[in-house]
Amino acid sequence: MSAASDLDSQLKAIYARLEDGFKEQDKLSGDPATATAHLKQMTNKMAESKRLIKEFEKAAAADAAADPAATVARKKEMVSQLNAFVNKKKAAQADVAERAAKAAEAAAKKAEKAKGKAPAAESAGSETRNPLFASPAAMAMNKGQGLPSVPETGGVEG
(Lines give C-alpha, C1' and ligand atoms only; values in the text may rest on other atoms or scores of the structure.)
Protein backbone atom coordinates (compact mmCIF):
# COMPACT_ATOMS: atom_id res chain seq x y z
CA MET A 1 0.00 0.00 0.00
CA SER A 2 1.43 3.36 -1.01
CA ALA A 3 1.63 6.52 1.06
CA ALA A 4 -1.05 8.13 -1.10
CA SER A 5 -3.50 5.29 -0.47
CA ASP A 6 -2.73 5.41 3.28
CA LEU A 7 -3.54 9.12 3.28
CA ASP A 8 -6.69 8.44 1.25
CA SER A 9 -7.79 5.90 3.88
CA GLN A 10 -7.10 8.37 6.70
CA LEU A 11 -9.14 11.03 4.91
CA LYS A 12 -12.05 8.65 4.43
CA ALA A 13 -11.99 7.90 8.17
CA ILE A 14 -11.93 11.62 9.05
CA TYR A 15 -14.79 12.34 6.67
CA ALA A 16 -16.81 9.53 8.26
CA ARG A 17 -16.19 11.06 11.72
CA LEU A 18 -17.18 14.50 10.40
CA GLU A 19 -20.38 13.09 8.92
CA ASP A 20 -21.19 11.44 12.25
CA GLY A 21 -20.34 14.65 14.10
CA PHE A 22 -22.84 16.66 12.10
CA LYS A 23 -25.50 14.03 12.80
CA GLU A 24 -25.12 14.53 16.58
CA GLN A 25 -28.08 16.89 16.90
CA ASP A 26 -28.06 16.65 20.71
CA LYS A 27 -24.66 18.39 20.76
CA LEU A 28 -25.44 20.84 17.97
CA SER A 29 -28.93 21.89 19.04
CA GLY A 30 -28.38 21.94 22.79
CA ASP A 31 -26.48 24.44 24.89
CA PRO A 32 -24.65 27.02 22.71
CA ALA A 33 -21.41 26.50 24.65
CA THR A 34 -21.54 22.74 24.08
CA ALA A 35 -22.36 23.24 20.40
CA THR A 36 -19.48 25.69 20.01
CA ALA A 37 -17.04 23.24 21.59
CA HIS A 38 -18.31 20.46 19.33
CA LEU A 39 -17.93 22.68 16.25
CA LYS A 40 -14.38 23.54 17.32
CA GLN A 41 -13.55 19.81 17.38
CA MET A 42 -15.10 19.46 13.94
CA THR A 43 -13.05 22.43 12.70
CA ASN A 44 -9.86 20.78 13.96
CA LYS A 45 -10.76 17.60 12.04
CA MET A 46 -11.35 19.69 8.92
CA ALA A 47 -7.94 21.34 9.32
CA GLU A 48 -6.38 17.90 9.67
CA SER A 49 -8.14 16.73 6.52
CA LYS A 50 -6.86 19.77 4.63
CA ARG A 51 -3.33 18.92 5.72
CA LEU A 52 -3.83 15.30 4.62
CA ILE A 53 -5.13 16.41 1.20
CA LYS A 54 -1.91 18.39 0.67
CA GLU A 55 0.18 15.40 1.78
CA PHE A 56 -1.86 13.13 -0.53
CA GLU A 57 -1.13 15.40 -3.47
CA LYS A 58 2.63 15.41 -2.70
CA ALA A 59 2.74 11.64 -2.16
CA ALA A 60 0.81 10.96 -5.36
CA ALA A 61 3.12 13.27 -7.32
CA ALA A 62 6.16 11.44 -5.94
CA ASP A 63 4.69 8.03 -6.83
CA ALA A 64 5.74 7.21 -10.41
CA ALA A 65 3.04 4.54 -10.73
CA ALA A 66 0.21 6.95 -9.87
CA ASP A 67 -2.07 8.08 -12.68
CA PRO A 68 -1.99 11.92 -12.75
CA ALA A 69 -5.57 12.19 -14.03
CA ALA A 70 -6.86 9.88 -11.29
CA THR A 71 -4.89 11.82 -8.68
CA VAL A 72 -6.37 15.12 -9.82
CA ALA A 73 -9.88 13.64 -9.86
CA ARG A 74 -9.47 12.15 -6.37
CA LYS A 75 -8.07 15.42 -4.98
CA LYS A 76 -10.97 17.32 -6.50
CA GLU A 77 -13.41 14.89 -4.85
CA MET A 78 -11.66 15.26 -1.48
CA VAL A 79 -11.73 19.06 -1.67
CA SER A 80 -15.39 18.98 -2.67
CA GLN A 81 -16.22 16.83 0.37
CA LEU A 82 -14.23 19.14 2.64
CA ASN A 83 -16.05 22.19 1.25
CA ALA A 84 -19.39 20.51 1.96
CA PHE A 85 -18.34 20.04 5.59
CA VAL A 86 -17.17 23.65 5.80
CA ASN A 87 -20.59 24.82 4.58
CA LYS A 88 -22.34 22.59 7.14
CA LYS A 89 -20.12 24.04 9.86
CA LYS A 90 -20.89 27.61 8.81
CA ALA A 91 -24.62 26.90 8.89
CA ALA A 92 -24.32 25.27 12.31
CA GLN A 93 -22.26 28.20 13.64
CA ALA A 94 -24.87 30.67 12.41
CA ASP A 95 -27.58 28.66 14.15
CA VAL A 96 -25.58 28.53 17.39
CA ALA A 97 -24.90 32.27 17.25
CA GLU A 98 -28.60 32.99 16.71
CA ARG A 99 -29.59 30.80 19.65
CA ALA A 100 -26.93 32.39 21.87
CA ALA A 101 -28.16 35.88 20.95
CA LYS A 102 -31.76 34.91 21.73
CA ALA A 103 -30.68 33.43 25.06
CA ALA A 104 -28.72 36.58 25.95
CA GLU A 105 -31.68 38.77 25.00
CA ALA A 106 -34.03 36.67 27.11
CA ALA A 107 -31.62 36.83 30.04
CA ALA A 108 -31.35 40.61 29.72
CA LYS A 109 -35.13 41.01 29.67
CA LYS A 110 -35.45 38.76 32.69
CA ALA A 111 -32.81 40.78 34.56
CA GLU A 112 -34.54 44.05 33.69
CA LYS A 113 -37.89 42.73 34.87
CA ALA A 114 -36.27 41.57 38.10
CA LYS A 115 -35.04 45.13 38.68
CA GLY A 116 -38.53 46.46 38.06
CA LYS A 117 -37.64 48.25 34.84
CA ALA A 118 -39.26 47.91 31.45
CA PRO A 119 -37.15 46.23 28.76
CA ALA A 120 -34.98 48.58 26.71
CA ALA A 121 -37.08 48.23 23.58
CA GLU A 122 -40.23 49.27 25.42
CA SER A 123 -38.68 52.24 27.25
CA ALA A 124 -37.53 54.15 24.18
CA GLY A 125 -39.28 57.33 25.39
CA SER A 126 -37.35 57.55 28.64
CA GLU A 127 -33.94 58.50 27.34
CA THR A 128 -31.10 59.50 29.58
CA ARG A 129 -28.84 62.21 28.29
CA ASN A 130 -25.21 62.73 28.91
CA PRO A 131 -24.68 66.29 30.21
CA LEU A 132 -21.32 66.46 28.43
CA PHE A 133 -23.11 66.50 25.09
CA ALA A 134 -26.00 68.79 26.02
CA SER A 135 -26.17 72.32 24.72
CA PRO A 136 -25.89 75.17 27.25
CA ALA A 137 -29.57 76.01 26.65
CA ALA A 138 -30.61 72.43 27.41
CA MET A 139 -28.46 72.39 30.55
CA ALA A 140 -30.08 75.62 31.76
CA MET A 141 -33.55 74.21 31.09
CA ASN A 142 -32.70 71.09 33.07
CA LYS A 143 -31.83 73.30 36.06
CA GLY A 144 -35.19 75.07 35.81
CA GLN A 145 -33.71 78.33 34.66
CA GLY A 146 -35.41 78.49 31.27
CA LEU A 147 -33.43 79.71 28.31
CA PRO A 148 -30.28 81.65 29.06
CA SER A 149 -30.40 85.30 28.16
CA VAL A 150 -28.36 86.44 25.19
CA PRO A 151 -27.08 90.02 25.26
CA GLU A 152 -28.29 92.07 22.36
CA THR A 153 -25.55 93.73 20.35
CA GLY A 154 -27.68 96.38 18.69
CA GLY A 155 -26.10 95.94 15.30
CA VAL A 156 -22.84 97.00 13.77
CA GLU A 157 -21.49 100.42 14.55
CA GLY A 158 -19.70 102.14 11.82
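For the structure itself, look to the data block above.
From a predicted model like this one, the values you see are computed outputs, not experimental measurements.

Peer 1: Would you explain the pattern of salt bridges in this entry?
Peer 2: For side chains of opposite charge, pairing can occur when their charged atoms come near one another. If you walk through the whole model with that rule in mind, you get 10 salt bridges. Here glutamate 19 ties to lysine 88 by a salt bridge, and the two come within 3.2 Å at their closest N and O atoms. Of this pair, glutamate 19 sits in helix α1 (residues 3–23) while lysine 88 sits in helix α4 (residues 68–115), placing them 69 residues apart in sequence. The class of glutamate 19 is partly exposed, set by a relative accessible area of 29%. It is possible to trace a salt-bridge network through shared partners that takes in Asp8, Lys12, Arg74 and Glu77.

Peer 1: Quick question: what am I supposed to make of the packing of aromatic side chains here?
Peer 2: What describes a pair of aromatic rings is the distance from one ring centre to the other and the angle between the planes of the rings. By the definition in use, this model includes 2 aromatic pairs. Aromatic side chains tyrosine 15 and phenylalanine 85 sit 5.5 Å apart centroid to centroid with 35° between the ring planes, which places their arrangement in the tilted category. Separated by 70 residues along the polypeptide, tyrosine 15 in helix α1 and phenylalanine 85 in helix α4 bring together distant segments of the chain. Centre to centre, the rings of phenylalanine 22 and phenylalanine 85 are 6.1 Å apart; their planes meet at 10°, and the pair counts as stacked. Here phenylalanine 22 is found in helix α1, whereas its partner phenylalanine 85 is found in helix α4, with 63 residues between them in sequence. For phenylalanine 22, a relative accessible area of 9% puts it in the buried group. Every member of this aromatic cluster is reached through a ring pair, and the members are Tyr15, Phe22 and Phe85.

What counts as what
- Residues numbered from 1 in each chain as written.
- Predicted model: local features only at pLDDT ≥ 70, side-chain atom pairs only at ≥ 80, totals over all residues.
- Heavy atoms only, no water.
- Salt bridge = Lys/Arg side-chain N within 4 Å of Asp/Glu carboxyl O.
- Helix = DSSP H or I, 4+ residues; strand = E, 2+ residues; numbered from the N terminus.
- Buried < 20%, exposed > 50% of the residue type's maximum accessible area, 1.4 Å probe, protein only.
- Phe/Tyr/Trp six-rings, centres within 6.5 Å; stacked < 30°, edge-to-face > 60°.

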